Amino acid sequence: MQIIDGKSISATIKKEIAEEVRRITGKGGKIPHLAAILVGDDPASDTYVNNKSKACKEVGFDSSVYRFPASASENEILEAVEFINNDPVVDGLIVQLPLPDQIDNQKVIQHIRPEKDVDGFHPVNVGRMTIGLPSYVSATPHGIMELFMRSRISTTGKNCVILGRSNIVGKPMGLLMARNAEPGNATVTTCHSKTKNLAGITSRADILIVAIGRPGFVTADMVREGAVVIDVGIHRVPSADTRSGFRLVGDVRFDEVSEKASHITPVPGGVGPMTIVSLLMNTLKASKKEIYG
Ligand code: GUN
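Throughout what follows, the structure given in this document is the object of discussion. Counting of residues starts from 1 at the beginning of each chain's written sequence and follows it residue by residue. Restriction of local features to residues with pLDDT of at least 70 applies here, the model being predicted, together with a cutoff of 80 or more for giving and counting side-chain atom pairs; totals for whole chains, interfaces and linings are based on all residues. Think of the side-chain values as coming from all heavy atoms in the structure, minus any hydrogens and water.

1. Thoughts on the overall build of the chain
Point 1. Counting its secondary structure elements, the chain contains ten helices and eleven strands.
Point 2. Since a compact globule built from 293 residues should have a radius of gyration of about 19 Å, the 19 Å found for the chain is in line with a globular shape.
Point 3. Partly exposed residues are those whose accessible area sits between 20% and 50% of the maximum for their type, while under 20% is buried and over 50% is exposed, using a 1.4 Å probe and protein chains only. The buried share of the chain, taken over its 293 residues, is 49%.
Point 4. Sequence-distant contacts in the chain: of pairs separated by 6 or more residues, those separated by 24 or more amount to 71%.
Point 5. Surface accessibility follows the Shrake-Rupley procedure with a 1.4 Å probe radius. Residue values consider only the protein chains on display as shielding. Only carbon and sulfur atoms are counted for the fraction: they give 52% of the accessible area of the chain, which is about 14200 Å².
Point 6. If the 34 positive side-chain charges of the chain are averaged to one point and the 32 negative ones to another, these points end up 4 Å apart. A run of H or I in DSSP counts as a helix once it spans at least four residues, and a run of E counts as a strand once it spans at least two, with each numbered from the N terminus. Throughout, the radius of gyration refers to the C-alpha atoms, and the reference size of a globule is 2.2 Å times the residue count to the power 0.38. Any two residues having at least one pair of non-hydrogen atoms within 4.5 Å are treated as being in contact. The convention is simple: Lys and Arg are positive, Asp and Glu are negative, and His and the chain ends are not counted. Charged groups are reduced to one reference atom each: NZ for lysine, CZ for arginine, CG for aspartic acid, CD for glutamic acid.

Have a look at this one:
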């Protein structure tokens, strides 16, 4: 069994990005700039945005955070998006989700210029990806495709089973795995809460991608011998074995499933570190105007 080491792969990609930024700025080119809008004071969102800013600094990008109180109106946020859309210094813009109830997430996402939508959430980017045009792809599926490429795991002709059908993971993941390219060219089955005989379907998977948000849901009996297992879940669970009193686990029972898998992503250190580098890769593309010219 081989561990797919997202931590090490993401560190390599960060070095490559930093190198490219040095080359661009060395020739007098523009420093890539990522802006984030953060509304309210949810600690998890605060941590995500801080980590994104830290990663920008590591690779030589500029970044800025526009903070708003939880009471901010939809109009205030739309105006901030408009301002950043028109700021030539900013290449990429993300609005950290979830937003407070008084703000319509879709309305805000659809107000971002697709050229700056480095989260790949705007329907124009989702649509372009669906028909195989250049687009920004959301961070988790983008990061997983990068893991297949960099670990030299071929997906062509494989049976790929995806657990979860969310707009930002399961759905785009299915489209990417079925596209006419490598990685891709897989026969894709998407499972969800209404799927019958789940274990029967997962046990036939050559590649199993799990994004259902339930700690330890996938057990060894659900996995075929020699399968490639990608675990998108990350959960804090109580633990008597750590000083902090908790540990991080995925949607997959790593201890038992790793005995059967040919390749598996650990939690932490698998898919997680790839998501931030995906955002950095998209921001670099935005700065170089690679997608929309
Ligand atoms: N909240 C949870 N994941 C994400 C993400 O990838 N992007 C944004 N903007 N918000 C999130």
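On we go.
2. With respect to the packing of aromatic side chains
What characterises a pair of aromatic rings is the spacing of the ring centres plus the angle enclosed by the ring planes.
Point 1. Aromatic rings from Phe, Tyr and Trp, with only the six-membered ring used for Trp, were paired whenever their centres fell within 6.5 Å, and each pair was classed as stacked if the ring planes differed by under 30 degrees, edge-to-face if by over 60, and tilted otherwise. Applying the stated rule across the entire model yields one aromatic pair.
Point 2. Residues Tyr136 and Tyr292 carry aromatic rings whose centres are separated by 6.2 Å and whose planes lie at 40° to one another, so their mutual orientation is tilted. Of the two residues, Tyr136 is situated in the loop between α5 (123-130) and α6 (139-150) and Tyr292 in the segment after α10 (272-287); the sequence distance between them amounts to 156 residues.
Point 3. Tyr136 sits in the buried class, given a relative accessible area of 2%.
Point 4. Using a relative accessible area of 26% as the deciding quantity, one classes Tyr292 as partly exposed.
Point 5. Consider the ring centre and the ring normal. A charge sits over the ring if Lys NZ or Arg CZ is within 6 Å of that centre and within 35 degrees of that normal. Positioned over the ring face of Phe246 is Arg236, at 3.7 Å from the centre of the ring.

3. A word on the sheet that holds strand β4 (residues 92-95)
Point 1. Taken in spatial order, the three strands make up an open sheet running β3-β2-β4, and their pairing is parallel. Each of the sheet's edge strands pairs with one partner strand only, and the pair in question is β3 (62-68) and β4. When the angles between neighbouring strand axes are averaged without regard to direction, this sheet yields 15°.
Point 2. By definition, two strands form a pair when at least two bridges between them are found by DSSP. Summarising the sheet, strand β2 (residues 33-39) and β4 pair through four bridges and their orientation is parallel. Of the residues in β4, the one forming a bridge with Ala36 is Ile94.
Point 3. Along the sheet, helix α2 (residues 43-59) makes contact with β2, β3 and β4, crossing β3 at roughly 160°.
Point 4. Of the strands in this sheet, β2, β3 and β4 touch helix α3 (residues 74-85), which is tilted by about 175° from β2. Helix axes are fitted to C-alpha atoms over the stretch in contact, other axes to C-alpha atoms as well, and angles between N-to-C directions run from 0 to 180 degrees.

4. Some words on the site of the ligand
Point 1. For this description, a residue counts as near a given molecule or strand if any of its non-hydrogen atoms is within 4 Å of it. All residues in the neighbourhood of the ligand are listed as Val95, Gln96, Leu97, Asp119 and Phe121.
Point 2. Val95 places a polar main-chain atom, nitrogen or oxygen, 2.8 Å from a nitrogen atom of the ligand.
Point 3. Polar contacts, as used here, are pairs of N or O atoms within 3.5 Å; protein pairs need one atom able to donate a hydrogen and one able to accept it. Residues neighboring in sequence count only if both atoms are side-chain atoms. Gln96 is positioned such that a nitrogen or oxygen atom in its side chain is 3.2 Å from a nitrogen atom of the ligand.
Point 4. The protein chains hide 75% of the 280 Å² of surface that the ligand would expose on its own.
Point 5. Classification convention: Asp, Glu, Lys, Arg as charged; Ala, Val, Leu, Ile, Met, Phe, Trp, Tyr, Cys, Pro as nonpolar; all other residues, Gly among them, as polar. For the shell around the ligand, the class distribution of residues is three nonpolar, one polar and one charged.

5. Looking at the nonpolar core
Point 1. To qualify as a nonpolar core, a set must consist of buried Ala, Val, Leu, Ile, Met, Phe, Trp, Tyr and Cys residues joined through side-chain atoms within 4.5 Å. Counting residues in hydrophobic clusters, the biggest one holds 44 residues, and the most contacted among them are Ile17, Phe61, Phe148, Met177, Ile209 and Ile230.
Point 2. Per-element accounting of this core gives the leading share, seven residues, to α10.
Point 3. Sequence-distant contacts of Ile17, that is, excluding residues within four places in its chain, are made with Val59, Phe61, Val277, Leu280, Met281 and Leu284.

6. Thoughts on the sheet that holds strand β1 (residues 2-3)
Backbone hydrogen bonds are what pair the strands of a sheet, in a parallel or an antiparallel way.
Point 1. Read across the sheet, six strands follow the order β1-β11-β8-β7-β5-β6 without closing on themselves; strand pairing throughout is parallel. The open sheet has two free edges, formed respectively by β1 and β6 (187-191), since each of these has just one partner strand.
Point 2. Where strand β5 (residues 159-163) and strand β7 (residues 207-210) come together, four bridges link them in parallel fashion. Along β7, the bridge assignment pairs Leu163 with Val210.

7. With respect to unusual backbone geometry
Point 1. Geometrically, the link from Leu97 to Pro98 is a cis peptide bond, its omega value of 0° lying close to zero.
Point 2. Looking at the element boundaries, Pro98 is found in the loop between β4 and α4 (105-109).
Point 3. With phi around 55°, Asn185 is a residue other than glycine that occupies positive phi space.
Point 4. When you line up the elements, Asn185 lands in the loop between α7 (170-178) and β6.
Point 5. For Asn185, a relative accessible area of 27% corresponds to the partly exposed category.
Point 6. The phi angle at Lys289 is positive, at roughly 55°, despite the residue not being glycine.
Point 7. Along the polypeptide, Lys289 turns up in the segment after α10.

8. Focus on the pairing of β2
Point 1. The element β2 is largely enclosed, with a buried count of seven among its seven residues.
Point 2. As judged from the seven bridges shared by β2 and β3, these two strands associate in the parallel manner. Each residue of the ladder has a partner; that of Ile37, found in β3, is Tyr66.
Point 3. Handedness of the β-α-β unit built from β2, α2 and β3 comes out right-handed. Place the viewer so that the strands point away; then a crossover is right-handed whenever the path from the first strand over the helix to the second strand goes clockwise.

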